[in-house]
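# A structural walkthrough
Here are the chains, one letter per residue:
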Amino acid sequence: MADTAQAHVTPGHGVGDPLGDDGGSRRDFLLLSAGALGGIGAAIAVWPFIDSLNPARDTLALSTTEVDLAPVQVGQRLTVAWRGKPVFINHRPPEEIKAAQDVDVASLRDPQPDSARVKKPEWLVVVGVCTHLGCIPLGNKPGDDRGPFGGWFCPCHGSVYDTSARIRQGPAPQNLFVPPYEFTSDTAVKIG
Amino acid sequence: MAASSSGAPANTPGSAPATAPAGAVGRLIRWIDYRLPFVAFIEHELYEYPTPRNLNYWWNFGSLAGIVLVVMIVTGVVLAMHYTPHADLAFDSVERIMRDVNYGWLLRYIHMNGASMFFLIVYIHLFRGLYYGSYKYPRELLWILGVVILVLMIATAFMGYVLPWGQMSYWAATVITNLFSAIPVVGDKIVTLLWGGFTVGNPTLNRFFSLHYLLPFVIVAVVGLHLIALHQHGSNNPLGIDHRGPQDTIPFHPYYTIKDMFGLCVFLLFFSIFIFYIPNMLSSADNYIPANPMVTPNHIVPEWYLLPYYAILRSVPNKLFGVILSFGSILLLFLVPWLDTSRVRSARFRPIYKWVYWLLPIDVLALGYVGANPPAGSVVVIGQVATFYYFFHFLILMPLIGKLETPRPLPISIGAAVLTEGR
């Protein structure tokens, strides 16, 4: 029992401690710095495990989709796949363009003028994934419920988008995302 | 480990098991026990373990939950031998289990409905604890470990639901992982990290399978801690008073082993009705359609045992707040031992709480109804009222009633109460 009693005496203050107070603080420093370095090392060692869960290189490589727009009639809505997600392409008729442009931008939840969301007013290109919880909104097929603003309507939790795919009602916080895209000719678009 | 409250450690070297028979077998048992005190441990925790003599049938559900956990692990391990965790093959491998693998249909239906049974049992177990104040001093950690088990169960069940890779699997995975996109600034990065891609896809399925196989064993470990904490102070009882001596208790074995066995038989009858007659009643027909990332089913609903949390999520118009309240509804349970300010455990002796208590199960059932129905009209209103009440109950009523009400006098002892009840 005598041994254990001695072991509990604080280092540096023990009667039999040859190092004295100075040695105690040196020991504290060594303990702290070794502990801190060990902790940092462990944290760094964890990173490869976490980062391995991020998209792999082959996943990242599948990043562009080319679409021929020639057969798409005015008023027709097309769905194409890009990075495994649906992209909505809407060949907007003049009344939809007008409805999108005539909105008081300041009144919107995610304020964006229509001109900032299209490269050519007659073509709207957006990722067809609701910004609430990731469902695919209805409205891209004839006969779908397009909601009160004539754009898209998400059946999961009732988000409503207008003809510029901006959020107008429901729980979604943002407008449908506009992917990076460019017109490679008058009738072809490259997404991604 | 699990030293009793009387303080005598079970496994001191040389404390040979009392029941070890004479002769060669007894010598073998004593030889083993001197090195690994297994028999002495079982003897101490099962034969000598003093259990209140007045436990009612609501106390059956703890051991029942343990048995169902074993059933889930056994069926799950065998199912994993036939299942293929790949986005192109998973759905067909599950159909192969149903049609071609010998008794595959039985294993899958046990596992599928077993998840529902597990939650049903655990929810009853939880509400029993709430009514009889089983979370109060000195059982706070016991309760907290129970809530940890519930959280792990929810994660495990969700990931298991994704594995068949049907439409509901795919869209449940999409909606639930998207909850994390509500986190400010880093939300989208976290979601990409969870997916391993730009949408839910094969990498997501692979990691969910890995975790779905891992987490049940983590649950087993936490159940072990839950039992150690339980045996530290013993079971609570319907009177909520401490036992004071041998006249208040009976040995766990054979009295409660036989009662638990009887309860198990009744439960297996109930379980069998689901497995053999209505195996798909609790699941959605949409999940027999292969996953299609381009089309969302018109009406997404989670499994019944997650409906209340889902209803809370939908009842809040703000995305971030909805997510916070939905997670918060579970995390709130961690605080219950401190939210309840009454020192009396059992609601039997609490004239006000006894009635107010029942509003909570009613409220949770209302939330379940809301979660199952499309969010329109009266459903939205009921959802918002029920969500408000859920938090009101825990955060306002529980602390307030504990302070305001005058509890009825407690019986002197369990033994005395049992005798005067005339049973």
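Computed from a predicted structure; not experimentally measured.

Within chain B one finds 17 helices and 2 strands. Summarising its shape, the C-alpha atoms of chain B cover approximately 70 × 60 × 45 Å along the three principal directions. The 423 residues of chain B split such that 36% are buried. Of the contacts made within chain B by residues no fewer than 6 positions apart, 77% connect residues no fewer than 24 positions apart.

Turning our eyes to something else, we now look at the interface of chain B and chain A. Each partner contributes residues to the interface: chain B has 25 residues there, and chain A has 21 residues. Listing elements by their share of the side of chain B that touches chain A, those giving two or more residues are α7 (167-178), α8 (187-195) and α12 (319-331) of chain B. Per element, the largest residue contribution to the side of chain B that touches chain A is 4 residues, and it comes from α7 of chain B. Split by residue class, the side of chain B that touches chain A holds 11 nonpolar, 11 polar and 3 charged.

The next point concerns helix α11 (residues 307-315) of chain B. Residues and elements named next belong to chain B. Here α11 lies mainly inside the structure; 9 of its 9 residues are buried. Within α11, burial applies to Leu307, Pro308, Tyr309, Tyr310, Ala311, Ile312, Leu313, Arg314 and Ser315. On its buried face, α11 is in contact with α12, α15 (359-372) and α16 (378-404).

So, on to the sheet that holds strand β3 (residues 85-91) of chain A. Residue and element names in this part refer to chain A. Ordered by their spatial adjacency, 3 strands build an open sheet running β2-β3-β4, and the pairing between neighbours is antiparallel. Both outer strands of the open sheet, β2 (77-82) and β4 (123-127), are each paired with one neighbouring strand and no more. Pairs of neighbouring strands in the sheet enclose a mean axial angle of 20°, with direction left out of account. Where β3 lies against β4, 5 bridges are found, and the strand directions are antiparallel.

With an omega of 0°, the peptide bond between Tyr137 of chain B and Pro138 of chain B qualifies as cis. Secondary-structure assignment places Pro138 of chain B in the loop between α5 (104-131) and α6 (140-162). Here the residue pair His253 of chain B and Pro254 of chain B is connected by a cis peptide bond, since its omega of 10° sits within 30 degrees of zero. Position of Pro254 of chain B relative to the elements: it lies in helix α10 (residues 252-276). Despite not being glycine, Arg83 of chain A has its phi angle at roughly 55°, a positive value. The residue Arg83 of chain A is located in the loop between β2 and β3 in this model. A positive phi angle is found at Val185 of chain B, which is not glycine, with a value near 65°. By the element assignment, Val185 of chain B lies in the loop between α7 and α8.

Turning our attention to the confidence of the model for chain A. Residues and elements named next belong to chain A. Mean pLDDT over chain A stands at 85; residues scoring 70 or higher make up 88%. For chain A, the element scoring lowest by mean pLDDT is helix α1 (residues 2-7), at 45; β4 scores highest, at 93. Long-range and interchain partners of residues 1-9, a stretch whose pLDDT sits below 50, account for 1 contact in this model, where long-range means more than four residues apart.

Bringing the sheet that holds strand β8 (residues 181-185) of chain A into the picture now. Residue and element names in this part refer to chain A. Sheet architecture is open: 3 strands sit in the order β1-β9-β8, paired in antiparallel fashion. Looking at strand neighbours, the two that pair on one side only are β1 (65-68) and β8, the edges of this open sheet. Neighbouring strand axes in the sheet, compared pairwise and without regard to direction, differ in orientation by 25° on average. Bridge analysis of β1 against strand β9 (residues 188-191) gives 4 bridges, and the strand direction is antiparallel. What sits directly across from Glu66, in β9, is Lys190.

What counts, and where the lines are drawn
Residues numbered from 1 in each chain as written. Chains lettered and ligands numbered in written order. Predicted model: local features only at pLDDT ≥ 70, side-chain atom pairs only at ≥ 80, totals over all residues. Helix = DSSP H or I, 4+ residues; strand = E, 2+ residues; numbered from the N terminus. Buried ≥ 20, exposed ≤ 12 C-beta atoms within 10 Å, placed from the backbone. Contact = placed C-beta atoms within 7 Å. Nonpolar A, V, L, I, M, F, W, Y, C, P; charged D, E, K, R; others polar. Pairing = 2+ DSSP bridges. Axes fitted to C-alpha atoms, helices over the stretch in contact; angles between N-to-C directions. pLDDT = per-residue confidence, 0-100.

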